[in-house]
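For reference, the chains in residue letters:
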Amino acid sequence: MSGIFQLVRLFARRDRVAMPLWVLAIGLVPLLYAVSFEGLYPTVADRQAFYEATAQTPAELALVGPIFGADLGALVTWRSGILLTLVPLAALLTVIRHTRAEEDAGRTELVGSTAVGRRDGLCAAMALAATGVLMTAVIAATALAASGFAVGGSVAFGLSIAAVGVVFVGVAAVAAQVGFNARAARGYAITVLAAAFVLRAVGDAGASGTSGSSGTLSWLSPIGWSSQLRPFADERWWVVVLPAVAATVAVGLAFTLASRRDLGAGLVAVRDGKPTSSLQGVFGLAWRAQRGSLLAWTVGLGVIAAVLGSAADSVQGQLGGSAAIGDALSKFGGSSLVDSFLATALSILGIGAAAMSVSSVLQAHGDEESSIAEIVLAGSVGRTRWLVSTVVFALGGPAVAMTVVGFAAGLPYGMSVGDVGSVLPGVLAGAMSQLPAVWILTASGIVLFGFVPRFSVATWGLLAAFVMLGQVGTVLGLPQMVLDLSPFTHLPHLPGGTVSVTPLVWLVVVSMVGLVTGIVAFEHRDLRS
């Protein structure tokens, strides 16, 4: 047990910045939603109208989750449905970071040569991730209860977050044993999470209406189980048994698999590549390494855009006659509520594209940490060419993804109103206008990689800071000078808004300067190994 405690302390120290950030950021989101709903829908009639319209909109139910009542607490629970995906994502990344990634770096073998049991690292990683999940749940429940919400509903809300998070702690532990490296393990775990989301989304979309029922498929998903706890809407406490059993089975399976594989290997063996390939050179290598993640990001963003686009025409009825929400959405531009809704949706998808770019940039950091870069650069490949091969996909990948987003959102909306020709260009322009801000994140990652590679992952923190400024800054009434620190603040709000070219040009220029500076810095520093 002493080995486990020591490893928990070690892992907690390594996550002393990342974990508090995601715990606090996610845990306080429901309180912000509560403040927002109370201001935007101040009367019972407004909330009832919102509830009835939302319950009849399959696209909204699929994207966010089921809605079980017009009570303020029930509305906050519905709007917080995305947390039932974000918390498992943070948990599974934490587990794999401290298990499979440690093996790939050789640190597990080094630590294992001391007085530490073979399973202690797995126990410590799961304990740390579970602690983060529970802290998030406690913060969310406490914040709602302290704000005057019913204690029973607040506790149920916290349990819903904890339940799905703990299940995916176990899922990640299993994936760490199955994958042949950390990247494969993340892929397996995220695939399970995506499948759970799709099952829940399809089940809830097929059961639209105010009856409060859910589709059969939703009951096959851990995310659906948490939704069925129904906080603030006649809570179903017995549902907690399902995730508890699933988490127990997953943890037991992870320990069993861990005892049956060799250190550094996975239960799924590495597939041999083709003896010949048309993908030659360093750019072919970069494409082969990133094509899977780039495709996954593009498909994911495209699907979300299609759901939002199909829901756009019904947004007028859903928002009802709330003057407050009309004023709020008008800040995002557009000549109508639908335009404002689409502009807001595209800005959120632009943040997803930025995350895609950051993930691509950090591929270079991972290759350097695992000594792949050293092997490649030992040949005839220059440093600049090697890094540029990553930059090309970090810039081009989001551009392709946002093009797909523009068509995926614009086509269903245009078909729903019967005028694709006039709708699609504006939506496509709104999607593409996100790219200058996305490229600022790309350049920031390259600058950090070039000057201080050990802090390259801080690019995620920078993205989180920009998101918080955009999502929370206006609620807190921060000065415009502070809000302007985010590149997303300077983007035009399309469709329907006005376009100022100057900020876009400056964003592109700054990003290009940052890219060149980072590449030059990498050219003149030592490699890390």
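In short, a report on the structure. (Residues numbered from 1 in each chain as written. Predicted model: local features only at pLDDT ≥ 70, side-chain atom pairs only at ≥ 80, totals over all residues. Heavy atoms only, no water.)

**Quick look at the environment of Thr136**
Link 1 in the chain: Positionally, Thr136 belongs in helix α9 (residues 120-146).
Link 2 in the chain: Overall, the relative accessible area of 0% leaves Thr136 in the buried class.
Link 3 in the chain: Residues Thr136 and Gly165, spaced 29 residues apart in sequence, show a C-alpha to C-alpha distance of 9.7 Å.
Link 4 in the chain: Among residues more than four places away in sequence, those in contact with Thr136 are Trp22, Val23, Ile26, Gly27, Val87 and Ile161. (Helix = DSSP H or I, 4+ residues; strand = E, 2+ residues; numbered from the N terminus. Buried < 20%, exposed > 50% of the residue type's maximum accessible area, 1.4 Å probe, protein only. Contact = heavy atoms within 4.5 Å.)

**Some remarks on the packing of aromatic side chains**
Link 1 in the chain: Taken as a whole and assessed by the stated rule, the structure comprises 10 aromatic pairs.
Link 2 in the chain: Consider the rings of Phe37 and Phe50, whose centres lie 5.5 Å apart with planes at 80°: the pair is edge-to-face. On the criterion of sequence distance, the pair formed by Phe37 in helix α2 (residues 18-40) and Phe50 in helix α3 (residues 44-55) is long-range, its members being 13 residues apart. This pair shows no difference in class: Phe37 is buried, exactly as Phe50 is.
Link 3 in the chain: Here the aromatic rings of Trp386 and Phe522 are separated by 5.6 Å at their centres, their planes lie at 35°, and the arrangement is tilted. (Phe/Tyr/Trp six-rings, centres within 6.5 Å; stacked < 30°, edge-to-face > 60°.)

**Remarks on the nonpolar core**
Link 1 in the chain: One finds Phe37, Ile67, Val76, Ile161 and Phe168 to be the most contacted residues of the largest nonpolar core, which totals 69 residues.
Link 2 in the chain: Here this core takes 12 residues from helix α10 (residues 151-178), the largest share from any one element.
Link 3 in the chain: In contact with Val76, not counting residues within four places along its chain, are Pro30, Tyr33, Ala34, Phe37, Leu144 and Phe149.
Link 4 in the chain: Residues Ala312, Phe341, Leu463 and Ile519 belong to the second largest nonpolar core, which totals 60 residues. (Core = buried A, V, L, I, M, F, W, Y, C linked by side-chain atoms within 4.5 Å.)

**Thoughts on the pattern of salt bridges**
Link 1 in the chain: Per the counting criterion, the structure on display carries three salt bridges.
Link 2 in the chain: Here Glu102 and Arg14 are joined by a salt bridge, their closest N and O atoms 2.4 Å apart. With Glu102 in helix α7 (residues 100-105) and Arg14 in helix α1 (residues 2-14), this residue pair connects regions lying 88 residues apart in the sequence. (Salt bridge = Lys/Arg side-chain N within 4 Å of Asp/Glu carboxyl O.)

**Re α10**
Link 1 in the chain: The terminal C-alpha atoms of α10, which comprises 28 residues, lie 41 Å apart, in line with the 40 Å expected from a rise of 1.5 Å per residue.
Link 2 in the chain: Along α10, 22 of the 28 residues are buried, which leaves the element largely enclosed by surrounding structure. (Expected span 1.5 Å × (residues − 1).)

**Notes on a nonpolar patch on the surface**
Link 1 in the chain: A cluster of nonpolar side chains, Val499, Val501, Val505, Trp506, Val509, Val510 and Val513, forms an exposed patch at the surface whose accessible area comes to about 650 Å².
Link 2 in the chain: For Val513, the location among the structural elements is in helix α25 (residues 501-523). (Patch = residues over 30% accessible without salt bridge, like charges linked within 9 Å, V, L, I, M, F, W, Y side chains within 5 Å. Areas by Shrake-Rupley, 256 points an atom, 1.4 Å probe, with all protein chains shown as cover.)

**As for unusual backbone geometry**
Link 1 in the chain: The omega angle of the peptide bond from Leu494 to Pro495 is 5°, so this bond is cis rather than trans.
Link 2 in the chain: Tracing the backbone through its elements, the reader meets Pro495 in the loop between α24 (480-483) and α25.
Link 3 in the chain: We note that Arg230 has phi near 55°; this positive angle belongs to a residue other than glycine.
Link 4 in the chain: Residue position: Arg230 is located in the loop between α12 (222-227) and α13 (241-258).
Link 5 in the chain: Since its relative accessible area comes to 13%, Arg230 is described here as buried.
Link 6 in the chain: Positioned with a positive phi, Phe232 is a non-glycine residue whose angle comes to about 65°.
Link 7 in the chain: Topologically, Phe232 is positioned in the loop between α12 and α13.

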